[in-house]
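# Structural characterization, general
If you want the building blocks of each chain, they are given just below.
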Amino acid sequence: MHPFTIAFVVALLAHLAVQAWLARRQIAYVTRHRTAIPAGFGTAVTSAEHAKAADYVGARQRVGIVEDIYDTAITLALTLGGGIALLGSWAGAAVAPGILAGTVHLLAVFAAMTVLGLPFTLYRTFVLEQRFGFNRTRPATFVADQLKGWALGLILGGGVAAGMLWIMASAGSSWWIVAWAAWLGVTLLVTWAWPRLIAPLFNRFSPLEDAALRERIDALLARCDFHAKAVYVMDGSRRSSHGNAYFTGLGREKRIVFFDTLLSSLGPAQIESVLAHELAHFKLRHIPQRLVAGAAMSLAGFALLGWLSRQDWFYTALGVPVPSDAAALLLFLLVVPAFSWIVSPLLAAWSRRHEYEADAFAARHSDARSLAEALVTLYKDNATTLTPDPLYSAFHDSHPPPATRIERLRALGAGAAASQ
Ligand SMILES: [Zn+2]
């Protein structure tokens, strides 16, 4: 057996073991604290709500473990089990060899993975989310979403796949630099097109009509010297009762989007503070930092792919006897996550630092106490546990643990009150 086969299998199983171990820890910790609401939350959260959050976490983690095992089995079946090789020879027989056959090969593997993942998507939406009262997706909406998603994947994914294969075939031995530049271009294009062309396929966006709230938001934007093109309300309630708010777009074309579910559960002062937090991610340059880090990581990825695609062992060690550009892309996409999970705690820690910085910004330009209230409401509405396992949280969570986050906001609020 090739050493890389062993390294791949060991990394894959180590990932699975760590995921399962952390999930078990999370379930045990949350269950242990099922009846103990952390001191800082007082009467804001009832014991029934706290227990519901614990049950929701447990249910999701248990499905997560099963799905991780299932996904690992699929990855092994596609690689060492010969799935990629099989779909490759099928694509080669179905259409003329070349870029078209490679594109069909890539799309066939993505289609297989999508179909194999469907039972979990169905289970989460119609069993798990339903049981906890979050699901609002009707079967017709679900089917329409899937069809639109597949059509989009076929056009966008097929286009990107064909483009990559063309660059690999025609740009010489340094093709990976050209491919990286093209990848950045596609990323920017999709960022531009998403709010305009793609998001409206799935949701309705209407301008925020509440004049008093709009005035409040404009005052906040002026205070922070921030330019946004428009404020929209999105019908998130079509699918779920979970609430959210986000920015999209680039440069001066930025849009603010509120889920209707968020607007219905928060008051004006709380909405303003949530927006101030989101705005902070732009003003503190978190977004450009992430873009630059993403570009640097993808450059490293393409350089690695450029090198791996020239090594015969990369194919044979992973169950593909005949090398091809399409197989190189597929193997890379399946194999990298088996190793890259090791850095995910660092990325999570980086993200949590940004969250604390954005909270402090919101406290300066809006109101820390309103943000704390808003977060408690959102934790409650989304059944987010207030008592995550510290290790699980440090490894996975992009946002700080609720108790610490609220405590810091209260301290900032008290500081602001004292200085007035
Ligand atoms: Zn944030």
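The paragraphs below set out a description of the structure included in this document. If you're wondering where the values come from, they're calculated on a predicted model, not measured in any experiment.

Reading the values: the criteria
- Residues numbered from 1 in each chain as written.
- Predicted model: local features only at pLDDT ≥ 70, side-chain atom pairs only at ≥ 80, totals over all residues.
- Heavy atoms only, no water.
- Salt bridge = Lys/Arg side-chain N within 4 Å of Asp/Glu carboxyl O.
- Helix = DSSP H or I, 4+ residues; strand = E, 2+ residues; numbered from the N terminus.
- Buried < 20%, exposed > 50% of the residue type's maximum accessible area, 1.4 Å probe, protein only.
- Core = buried A, V, L, I, M, F, W, Y, C linked by side-chain atoms within 4.5 Å.
- Contact = heavy atoms within 4.5 Å.
- Axes fitted to C-alpha atoms, helices over the stretch in contact; angles between N-to-C directions.
- Parallel < 35°, antiparallel > 145°, perpendicular 65-115°, else oblique.
- Pairing = 2+ DSSP bridges.
- Polar contact = N/O pair within 3.5 Å; in protein donor to acceptor, adjacent residues only side chain to side chain.

Turning to the pattern of salt bridges, a few remarks are in order. Here the structure, examined in full by the defined rule, presents eleven salt bridges. In this structure, Glu67 engages Arg124 in a salt bridge whose closest nitrogen and oxygen atoms are separated by 2.1 Å. You can see Glu67 sitting in helix α2 (residues 47–78) and its partner Arg124 sitting in helix α4 (residues 99–131), a full 57 residues away along the chain. Residue Glu67 is classed as buried on the basis of its relative accessible area, which comes to 18%.

Before going further, it helps to spend a moment on the nonpolar core. Within the largest apolar cluster, 44 residues are counted, with the highest numbers of intra-cluster contacts made by Ile217, Phe258, Leu275 and Leu279. Put simply, the parts of the chain that give this core at least two residues each are α7 (211–223), β2 (230–234), β3 (245–248), β4 (255–259), α9 (268–283), α13 (344–365), α14 (368–381) and α16 (402–419). The greatest single-element share of this core, amounting to eight residues, is contributed by α14. When residues no more than four places from it in sequence are discounted, the contact partners of Leu275 are Ile217, Leu220, Phe247, Ile256 and Phe258. Leu12, Ala179, Phe302 and Ala328 belong to the second largest nonpolar core, which has 36 residues in total.

The next thing to look at is the packing of helix α1 (residues 3–32) against α2. Relative orientation and spacing of two packed helices are given, respectively, by the angle between their axes and the distance between those axes. Where α1 contacts α2, the axes come no closer than 9 Å and their chain directions differ by 170°. The pairing of α1 with α2 is recorded here as roughly antiparallel in orientation. Residue-level inspection shows Phe8, Val9, Leu12, Leu16, Gln19, Ala20, Ala23, Arg24, Gln26, Ile27 and Val30 of α1 in contact with α2, the latter providing Ala54, Val57, Gly58, Gln61, Arg62, Ile65, Asp68, Ile69, Thr72, Thr75 and Leu76.

The next subject is the sheet that holds strand β1 (residues 205–207). With respect to topology, four strands assemble into an open sheet ordered β1-β2-β4-β3, the strand pairing being mixed. At either margin of the open sheet sits one strand with a lone partner, and together these are β1 and β3. Neighbour-to-neighbour, the strand axes of the sheet open up by a mean angle of 30°, direction not taken into account. In the sheet, β3 pairs with β4 via four bridges, with the strands oriented antiparallel. Bridge pairing in β4 places Ala245 opposite Phe258. Each of β3 and β4 is contacted by α9, which is oriented at about 35° to β3, the strand it contacts most.

Bringing the side chain of His354 into the picture now. Note that His354 resides in helix α13. Side-chain polar atoms of His354 contact the side chain of Arg290, separated by 3.4 Å. Setting aside chain neighbours within four positions, we find His354 in contact with His281, His286, Gln289 and Arg290.

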